[in-house]
Amino acid sequence: MNFATFDLNLLRVLDALLREGSTVKAGERLGMSQSAVSGALARLRHALGDQLFVRHGQGLRPTDYAVSLSLPLNAELARLEALLAPAAFDPAASTMSFKLAGADFFAEMLMPELAQKLRITAPQMRMQLIDLVPNSYLDSLERYEADMALMPDLDFPEWTDRRPLFHSSYAVIAAADNPVLAGAGAQPGDVLDMDLFCEMGHLLFSPEGKHAAAGDAALARVGRSRRVVMTMPVFSGICRVVGESELISLIPRQLAERLAPSQNLAIYKPPMPIEPALIVGVWHKRSTDNPAHRWMRGVIADILLPLNEGERPVPV
């Protein structure tokens, strides 16, 4: 037999014939017609150089050679089925490491609850949150440096998959005792006066040190600009500085509401419309059907999807 040209599908036919002893019943087992099974049997006989089955009454009786193949063939087919079937995933026994790329927003809004969830359901897993470096997040996914990135939605390349998680609108934060806002009679929850908003010093979140972001584009659409006097790469630092200074900052609403009570912050509404960012999870397609990766994506989504409360619906 020339194994290089042998059709391995014929082994399934041989196994079915050995089990059923009939071309009709073997066809029913495999979803094939009787004539197709008979044709496959003829090819098997030619390839293996043995009759394999002889007619006996209404059925087929295997030759000695066919009988010798029965048990090892069944074992090999079962082994191949197990090899090719998706592996079962047990989070309680898993020792996987999962590397997540995202801004420090997720250190506050995701990681505490995720840590508690993993402690209970997957105590041996290791989770890493790494900085989402602008302009290189796709390289990280492609080179296996990150298993998933959490970031604003973009026009991603076709080798990625994504899942929308929540919309993030914007809020203005200031120190609860900010004298400029107090002097202007602004109350927490108010829409800030446009002139006041543009004149006050702004602290901008920018990992790469840029002096403009979504808020500046929104201001430009109404013919205005603001005074950015400082940039920082982490939201935690922004909240700390704003709470101890006269600066204000435009940050995600959910984070502002989470940190305001503990960081001496008051929350205001921006004076111009700003399109909420759609935050998505994005990963390399190679991991889409990985059971462990799929489980972790589900856990992360369960924590982040509620952040969309009060926002427009998340697209399917």
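An account of the accompanying structure is given in this report. (Residues numbered from 1 in each chain as written. Predicted model: local features only at pLDDT ≥ 70, side-chain atom pairs only at ≥ 80, totals over all residues. Heavy atoms only, no water.)

**Section: the overall build of the protein chain**
Of regular secondary structure, the protein chain possesses 13 helices and 12 strands. Expected size for 316 residues packed as a compact globule is a radius of gyration near 20 Å; at 31 Å, the protein chain overshoots this value by more than 25%. With the C-alpha coordinates of the protein chain rotated into their principal frame, the extents come out at 105 × 40 × 30 Å. Counting the 316 residues in the protein chain, one finds 42% classified as buried. (Helix = DSSP H or I, 4+ residues; strand = E, 2+ residues; numbered from the N terminus. Rg over C-alpha atoms; globule rule 2.2 N^0.38 Å. Buried < 20%, exposed > 50% of the residue type's maximum accessible area, 1.4 Å probe, protein only.)

**Examining a nonpolar patch on the surface**
A contiguous nonpolar patch, built from Leu80, Leu83 and Leu84 and spanning about 340 Å² of accessible area, is present on the exposed surface. Examined against the element boundaries, Leu80 turns out to sit in helix 4 (residues 64–84). A relative accessible area of 38% means that Leu80 is categorised as partly exposed. (Patch = residues over 30% accessible without salt bridge, like charges linked within 9 Å, V, L, I, M, F, W, Y side chains within 5 Å. Areas by Shrake-Rupley, 256 points an atom, 1.4 Å probe, with all protein chains shown as cover. Salt bridge = Lys/Arg side-chain N within 4 Å of Asp/Glu carboxyl O.)

**Concerning the pattern of salt bridges**
Inspection of every chain in the model, using the stated rule, returns 12 salt bridges. The residue Asp7 makes a salt bridge to Arg43 at a minimum N-O spacing of 3.2 Å. Here Asp7 is found in the segment before helix 1 (9–20), whereas its partner Arg43 is found in helix 3 (residues 34–48), with 36 residues between them in sequence. A salt bridge links Glu76 to Arg79, with the shortest nitrogen-to-oxygen separation between them at 2.9 Å. A residue pair is termed a helical-turn pair when its members lie 3 or 4 positions apart in one helix, as Glu76 and Arg79 do in helix 4 at three residues.

**A word on the sheet that holds strand 4 (residues 126–130)**
Across the sheet, which stays open at both edges, the five strands sit in the order 4-3-5-12-6 with mixed pairing between neighbours. For this open sheet the edge positions go to strand 4 and strand 6 (160–168), each flanked by a neighbour on one side alone. Strand-to-strand, the axes of this sheet are offset by a mean angle of 20 degrees, without reference to chain direction. Where strand 3 (residues 97–101) meets strand 5 (residues 148–152), two bridges bridge the pair, whose relative direction is parallel. Considered in strand 5, the bridge of Ala101 is made with Ala149. (Pairing = 2+ DSSP bridges. Axes fitted to C-alpha atoms, helices over the stretch in contact; angles between N-to-C directions.)

**Looking at empty space enclosed by the protein**
In this structure the tally under the stated criterion is one cavity of 30 Å³ or more. In terms of lining, the largest cavity is formed by Met148, Arg163, Leu165, Gly281, Trp283, Arg297, Ile300 and Ala301. Looking at the lining of the largest cavity, the elements with two or more residues in it are strand 6, strand 12 (277–284) and helix 13 (291–304). With three residues, the single largest contributor to the lining of the largest cavity is helix 13. Partitioning the lining of the largest cavity into residue classes produces five nonpolar, one polar and two charged. (1 Å grid on protein atoms, 1.4 Å probe; cavity = no way out; pocket = protein on both sides within 12 Å on 5 of 7 lines; lining within 4 Å. Points joined across faces, edges and corners; volume = space filled by probe spheres on them. Nonpolar A, V, L, I, M, F, W, Y, C, P; charged D, E, K, R; others polar.)

**Quick notes on the layout of surface pockets**
Taken as a whole, the second largest pocket encloses approximately 220 Å³ of empty space. Arg12, Asp15, Ala16, Arg19, Arg29, Leu30, Asn74, Leu77, Ala78, Leu80, Glu81 and Leu84 together form the lining of the second largest pocket. In terms of residues, the lining of the second largest pocket owes the most to one element, helix 4, which gives six residues. Residue composition of the lining of the second largest pocket, grouped by class: six nonpolar, one polar and five charged.

**Quick notes on the pairing of strand 12**
Across the eight residues of strand 12, eight count as buried, placing the element largely inside the fold. The alternating pattern of strand 12 places Ala277, Ile279, Gly281 and Trp283 on one face and Leu278, Val280, Val282 and His284 on the opposite face, and all of these are buried. The pairing of strand 5 with strand 12 spans four bridges and is classified as antiparallel. Of the residues in strand 12, the one forming a bridge with Ala149 is Val282. In this sheet, strand 12 lies alongside strand 6 in antiparallel orientation, the contact comprising eight bridges. Bridge pairing links Thr160 to His284 in strand 12.

**Considerations on the side chain of Ser287**
Considering the arrangement of structural elements, one finds Ser287 in the loop between strand 12 and helix 13. For Ser287, a relative accessible area of 14% corresponds to the buried category. Discounting residues that sit within four places of it in the chain, Ser287 has contacts with His293 and Arg297. (Contact = heavy atoms within 4.5 Å.)

**Some remarks on unusual backbone geometry**
Phi at Leu52 is positive, roughly 70 degrees, even though this residue is not glycine. Relative to the assigned elements, Leu52 resides in the loop between helix 3 and strand 1 (53–56). Although it is not a glycine, Asn264 adopts a positive phi angle of roughly 60 degrees. Relative to the helices and strands, Asn264 resides in the loop between helix 12 (253–259) and strand 11 (265–268).

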